[in-house]
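Single-letter residue listing:
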Amino acid sequence: MIELENVEITYNDVILAVKGVSLKVAEGQIVALLGANGAGKSSILKAISGVLDSQDGEIERGTIAYGGQRIDRWSAAKIVAAGLCHVPEGRRVFTDLTTQENLIMGAFLRRDRRAVKQDVEKILDYFPRLRERLEVRAGYLSGGEQQMLAIGRALMGRPRLLMLDEPSLGLAPLVVQNIFDIIQRVNREEEISILLVEQNASMALHIAAHGYILENGRMVMDDSCDKLIKNEDVMEFYLGIKEDGGEKSFAEVKHYKRRKRWLS
Ligand code: ATP
């Protein structure tokens, strides 16, 4: 469905943030993109959704294709209209609008009013919490509710691929579990493909089929999530779990030999 090949991203013509990254999301799949702070995860989502320009960023090399068609020179508006929707980090809802108004804003490209109404209902069934908060201004919602609203608003555009940037950020574990359950349902029931950027590797690997691991702008590993979960390096680096059950410091784990092995 979406395929990146050897993509390089720079900011201000000098900062090389992403170095020759290739990645695929198949139709109907959930794919996790993992990595530490600054690894380049958000830059990849911004490149796919065509919003790098606004941040002095650029795809310097490589290609991005959607359904076999190159989209790396398309405008953000055309990319959204084609069915690729990005929910950026930080739950950016319209704080002065109500929950309901926010949802309707998500359908601004659509003219099928009756279907829009039905979709609002469908989204409120997915997120019953939002139904209770329908007339409340989004700025007064809790962090979890705002995240639900940001995802719900994106779904109002009937995307074919939903790109979620750290939906778990700063949320309580139960809320995260709830949101991840809904992401899985949406994927299954609406057949929407999902590219999930996460630092919560454990949660992401449990719902995704395939995972990519990015380090300093380079893809260092990719495999099925079943295999990544069992991989000793992944467990230590991203889940902080050691074979003997103890914890290791990042400095202890991140020694040169292992890094070399990953990159080889
Ligand atoms: P995080 O998990 O902290 O959000 P990330 O993996 O999403 O990190 P990116 O936000 O893609 O990482 O950033 C990758 C690199 O690009 C970082 O070194 C960052 O400082 C740099 N970068 C990102 N945005 C810009 C920008 N607008 N201008 C200059 N450099 C940027």
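See the structure printed just above.
Here is what the cut-offs are and how they apply
Residues numbered from 1 in each chain as written. Predicted model: local features only at pLDDT ≥ 70, side-chain atom pairs only at ≥ 80, totals over all residues. Heavy atoms only, no water. Pairing = 2+ DSSP bridges. Helix = DSSP H or I, 4+ residues; strand = E, 2+ residues; numbered from the N terminus. Axes fitted to C-alpha atoms, helices over the stretch in contact; angles between N-to-C directions. Contact = heavy atoms within 4.5 Å. Near = heavy atom within 4 Å. Polar contact = N/O pair within 3.5 Å; in protein donor to acceptor, adjacent residues only side chain to side chain. Areas by Shrake-Rupley, 256 points an atom, 1.4 Å probe, with all protein chains shown as cover. Patch = residues over 30% accessible without salt bridge, like charges linked within 9 Å, V, L, I, M, F, W, Y side chains within 5 Å. Salt bridge = Lys/Arg side-chain N within 4 Å of Asp/Glu carboxyl O. Lys, Arg positive; Asp, Glu negative; His and termini not counted. Charge placed at Lys NZ, Arg CZ, Asp CG, Glu CD. Core = buried A, V, L, I, M, F, W, Y, C linked by side-chain atoms within 4.5 Å. Buried < 20%, exposed > 50% of the residue type's maximum accessible area, 1.4 Å probe, protein only. Parallel < 35°, antiparallel > 145°, perpendicular 65-115°, else oblique. Left-handed = near helix turned anticlockwise from the far one by under 90°.

Participant: Mind laying out the sheet that holds strand β7 (residues 161-165), listing which residues take part and the relevant values?
Facilitator: Strand order across the open sheet formed by 6 strands is β6-β7-β8-β3-β9-β10, with mixed pairing between neighbours. Bordering the open sheet on either side are β6 (84-87) and β10 (218-224), each of which pairs with just one other strand. Taken over all neighbouring pairs, the strand axes of this sheet differ in orientation by 15° on average, direction set aside. Inspection of the sheet shows strand β9 (residues 210-215) paired to β10 by 6 bridges, in the antiparallel sense. Directly across from E215, in β10, lies its bridge partner R218. Running at roughly 170° to β6, helix α6 (residues 143-155) makes contact with β6 and β7 of the sheet. Of the strands in this sheet, β3 (30-35), β7 and β8 (193-198) are in contact with helix α7 (residues 173-190), which crosses β8 at around 155°.

Participant: Please set out unusual backbone geometry residue by residue, giving values where relevant.
Facilitator: Positive phi, close to 50°, is recorded for N12, a residue that is not glycine. Tracing the backbone shows N12 in the loop between β1 (2-11) and β2 (15-25). Of note, R158 is a non-glycine position whose phi angle comes to about 50°, a positive value. Among the secondary structure elements, R158 is positioned in the loop between α6 and β7.

Participant: Please give an account of the site of the ligand that cites residues and values.
Facilitator: Taken together, 16 residues lie near the ligand, and N37, G38, K41, S42 and S43 sit nearest. Here an oxygen atom of the ligand sits 2.5 Å away from a polar atom, N or O, in the side chain of S43. In the model, an oxygen atom of the ligand is placed 3.1 Å from a nitrogen or oxygen of the Q199 side chain. With the chains in place, 70% of the 630 Å² that the ligand exposes on its own is no longer accessible.

Participant: An account of the sheet that holds strand β4 (residues 57-66) is requested, with residue identities and associated values reported.
Facilitator: Pairing is antiparallel across the open sheet formed by 4 strands, whose spatial order is β2-β1-β4-β5. The outermost strands of the open sheet, each flanked by one partner alone, are β2 and β5 (69-70). Pairing of β1 with β2 involves 7 bridges; the strand directions are antiparallel. Looking across to β2, one finds that I9 is bridged to V18.

Participant: Before we move on, can you summarise a negative patch on the surface with the specific residues and values?
Facilitator: A cluster of acidic residues, D13, D53, D56, E58 and E60, forms a negative patch on the protein surface. The topology assignment puts D13 in the loop between β1 and β2.

Participant: How would you explain the environment of G67 if you had to name every residue and give the values?
Facilitator: Structurally, G67 is set in the loop between β4 and β5. For G67 and E3, which are 64 residues apart along the polypeptide, the C-alpha to C-alpha distance reads 8.4 Å.

Participant: Tell me what's going on with the nonpolar core, and back it up with residues and numbers.
Facilitator: Grouped together as the largest cluster of nonpolar side chains are 49 residues, with contacts concentrated most on F127, L162 and L164. Apart from residues lying up to four places away in sequence, L164 is in contact with L45, V87, I151, I183, I194, L195, L196 and V197. Core analysis: the next-biggest nonpolar cluster, separate from the first, contains 31 residues, A39, I48, I64 and Y212 among them.

Participant: Can you lay out the environment of R137 for me, pointing to particular residues and giving the numbers?
Facilitator: Positionally, R137 belongs in the loop between α5 (128-132) and α6. Taking the relative accessible area as the measure of exposure, R137 reaches 41% and is therefore partly exposed. In this structure, the C-alpha to C-alpha distance between R137 and T95, residues 42 residues apart in sequence, is 6.3 Å. In contact with R137, other than residues within four places in its own chain, are T95, D96, L97 and T98.

Participant: Describe the packing of α6 against α7, listing the residues and the values that go with them.
Facilitator: Where α6 meets α7, the closest approach of the two axes is 10 Å, and the angle between their N-to-C directions is 10°. By the angle class used here, α6 and α7 are roughly parallel. Regarding α6 and α7, the two cross each other, and that crossing is right-handed. Along its contact with α6, which presents G144, Q147, M148, I151 and L155, the element α7 presents V175, N178, I179 and V186.

Just geometry here; none of it tells us what the structure is for.
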